[in-house]
Amino acid sequence: MYRTHTNGELRIEDKNKTVTLAGWVQKTRNKGFMVWVDLRDRYGITQLIFDEERTSEEILETVSKLGREFVIQVTGTVIKRESKNPDIPTGDIEILVSEITILNESLTPPFTIEDNTDGGEELRMKYRYLDIRRNPVRENLVFRHKVTMAVRSYLSNEGFIEIETPYLIKSTPEGARDFVVPSRVNKGQFYALPQSPQTFKQLLMVGGMDKYFQIVKCFRDEDLRADRQPEFTQIDCEMAFVEQDDILNTFEGLIRHLLKEIKGVEIGEFPKMTYDEAMQRYGTDKPDIRFGMELGELNAVIQHKDFNVFNQAELVVGIAIPGGNSFSRKEIDKLIDWVKRPQVGALGMVYCRCNMDGSYKSSVDKFYDQKDFAQWAQVTGAQKGDLICILSGETSKVRTQLSALRMELAETLGLRNPDEFAPLWVIDFPLLEWDEETKRYHAMHHPFTSPRPGQMELLKTNPGDVKANAYDLVLNGNEIGGGSIRIHKKETQAKMFDYLGFTPEEAKAQFGFLMDAFQYGAPPHGGIAFGLDRLVAILGGQETIRDFIAFPKNNSGRDVMIDAPAAIDQTQLDELNLQLRIKP
Ligand code: ASP
């Protein structure tokens, strides 16, 4: 037996017991006549003691060879500790060691295995197995396990069946780019890794499974963006014989359950907001509603003077920064520089200080008077002591820019409290999205999403106005889930492909299997998928998903530990009948 107890287990009640422990050497303190070793495993740390009087020469000899992260096994007696350590649960005891075995040696780790390590991100990723020995990383992985278990138990109790769907499927051009896998036995042909199990879960509904879920890896070969992973995990769900409200109720229940189980937070009914309203009030379809600073549209009270920048703009819109009048001129200039960064893209920013005496001072005093400013304050909800920040330009751009500023300011002003949870449903998304590059409409969610009841006809005349029977769950400014009620009739699906610019041949080649299935009694159905990585991170009070993934890829999509992606050798290429045109 390697151990009788773990290193987090022994207490003063265990005094005088003979125990065997195993683990890693966290640290050694050598006072000459006395040596202490902190022995660590997943469960905690137990202190071992060796001294000249009570410990044999032979053991002391072995102890002198120990280095950090050596794996050892010891047998000894639990004794009361002279100087207690109130910081750890085993702090009242130590082990007087009578036997020691070095199970394995260790090189000196390239960074310290401490909560606050001296290792940088890249180094820690290269030696991720050492990083995982650190408390914060290990705790995040344990936390993820807890969330996953709570998801499984909730959905299973609600009658959902977890079913696996294939990873080797067929490439489709819609959506993001696919990762492809060459087939050796079918020369010149490729599988694709699923971007989501979308069509399979719909086929499971045709198969009568009624309530499906799967905690599943999805793969998207997207251009790299901060905190995106090429492979990520979804809680993927589908139900038959449901309308939008059935889905919202079921999955609101799931999130409520998680918040209660994991965080001890009870939340009432989630608010619902239409996409249009979210865009107008917050400038984004994933608003963080933990704080105010809503967008105030100023056109009506700002376009009557000689200020051409505003007069020519499609939208002039502002927010009030609480207490922002205390910002120095320099700080305001910094904000202006911030919105002008290419990532945000504003051309400039007008501001207006709301003084405590009720007067105003703006950067456009030449054009406007105190009466104007009072109206701006009213529209943006600015109080005395606030600062109004105003952007102008093309509606969709300007909203996005101001939303970015709103989030940035909320972050610096500490308004994004990680212990507060503010979920909401965003509904009535547009069905289609205009793509400037290809000059045609794309499905905003995916081509299997149905329009809101009664809107199919509008597709012919005003495609951009058609609302989808689609919904997102937003939590603290993050989209954590999204789904839709699907099309379940062959003719409707065929029409939709037609509107999306597929020829009947293309539609048949790519999605014929689905439309065929719809001919055999497909029930009305709908579903949703949640991003597990992000959900776990937010519940954990953080927003970096990498911290909750055991072996994540870096920002360039690389696994620096196993050094992937990598070239493959010529024999492999030959076997696959592939020829490289680029030099590896
Ligand atoms: N498959 C969709 C996605 O991955 C979610 C859904 O519609 O259920 O975004």
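Structure first, text after, so check above.
Throughout what follows, the structure given in this document is the object of discussion. (Residues numbered from 1 in each chain as written. Predicted model: local features only at pLDDT ≥ 70, side-chain atom pairs only at ≥ 80, totals over all residues. Heavy atoms only, no water.)

In this section: empty space enclosed by the protein. By the definition in use, this model includes 1 cavity of 30 Å³ or more. One number sums up the size of the largest cavity: a volume of about 70 Å³. Surrounding the largest cavity, Met125, Arg128, Phe551, Pro552, Lys553, Asn554, Arg558, Asp559, Val560 and Met561 form its lining. Along the lines of polarity and charge, the residues of the lining of the largest cavity split into 5 nonpolar, 1 polar and 4 charged. (1 Å grid on protein atoms, 1.4 Å probe; cavity = no way out; pocket = protein on both sides within 12 Å on 5 of 7 lines; lining within 4 Å. Points joined across faces, edges and corners; volume = space filled by probe spheres on them. Nonpolar A, V, L, I, M, F, W, Y, C, P; charged D, E, K, R; others polar.)

This paragraph deals with helix H4 (residues 135-157). Compared with the 33 Å implied by 1.5 Å per residue over 23 residues, the 33 Å span of H4 between its first and last C-alpha is a close match. The complete set of buried residues in H4 reads Val137, Arg138, Asn140, Phe143, Arg144, Val147, Thr148, Ala150, Val151, Tyr154 and Leu155. In the segment just after H4, Gly159 is the residue with positive phi, at about 95°. (Helix = DSSP H or I, 4+ residues; strand = E, 2+ residues; numbered from the N terminus. Expected span 1.5 Å × (residues − 1). Buried < 20%, exposed > 50% of the residue type's maximum accessible area, 1.4 Å probe, protein only.)

In this section: unusual backbone geometry. For residues besides glycine, phi is generally negative; the peptide bonds are generally trans as well. Here the amide bond leading from Ala564 into Pro565 is cis, since omega sits at 0°, within 30 degrees of zero. At Asp428, a residue that is not glycine, the phi angle is positive and equals roughly 55°. Mapped onto the fold, Asp428 is located in the loop between strand S17 (423-427) and strand S18 (432-435). On the basis of relative accessible area, Asp428 is assigned to the buried category, the value being 17%. Backbone geometry places Asn577, a non-glycine residue, at a positive phi of 60°. Here Asn577 is to be found in the segment after helix H17 (570-575).

Attention now goes to the environment of Ala537. In this fold, Ala537 is placed in helix H16 (residues 532-539). Sequence separation between Ala537 and Ile549 is 12 residues, and the spatial gap between their C-alpha atoms is 9.6 Å. With residues up to four places along the chain from it excluded, the contact list for Ala537 reads Gln542, Glu543, Thr544, Ile545 and Phe548. (Contact = heavy atoms within 4.5 Å.)

What follows concerns the environment of Phe421. Locating Phe421 in the fold gives a position in the loop between helix H12 (395-412) and S17. Beyond its immediate sequence surroundings of up to four residues, Phe421 is in contact with Leu259, Lys263, Val265, Ile267, Leu475, Asn476, Ile538 and Leu539.

As a further point, take a negative patch on the surface. A contiguous patch of negative charge on the surface is contributed by Glu52, Glu53, Glu57, Glu58 and Glu61. With respect to the secondary-structure elements, Glu52 resides in the loop between strand S3 (44-51) and helix H1 (57-64). (Patch = residues over 30% accessible without salt bridge, like charges linked within 9 Å, V, L, I, M, F, W, Y side chains within 5 Å. Areas by Shrake-Rupley, 256 points an atom, 1.4 Å probe, with all protein chains shown as cover. Salt bridge = Lys/Arg side-chain N within 4 Å of Asp/Glu carboxyl O. Lys, Arg positive; Asp, Glu negative; His and termini not counted. Charge placed at Lys NZ, Arg CZ, Asp CG, Glu CD.)

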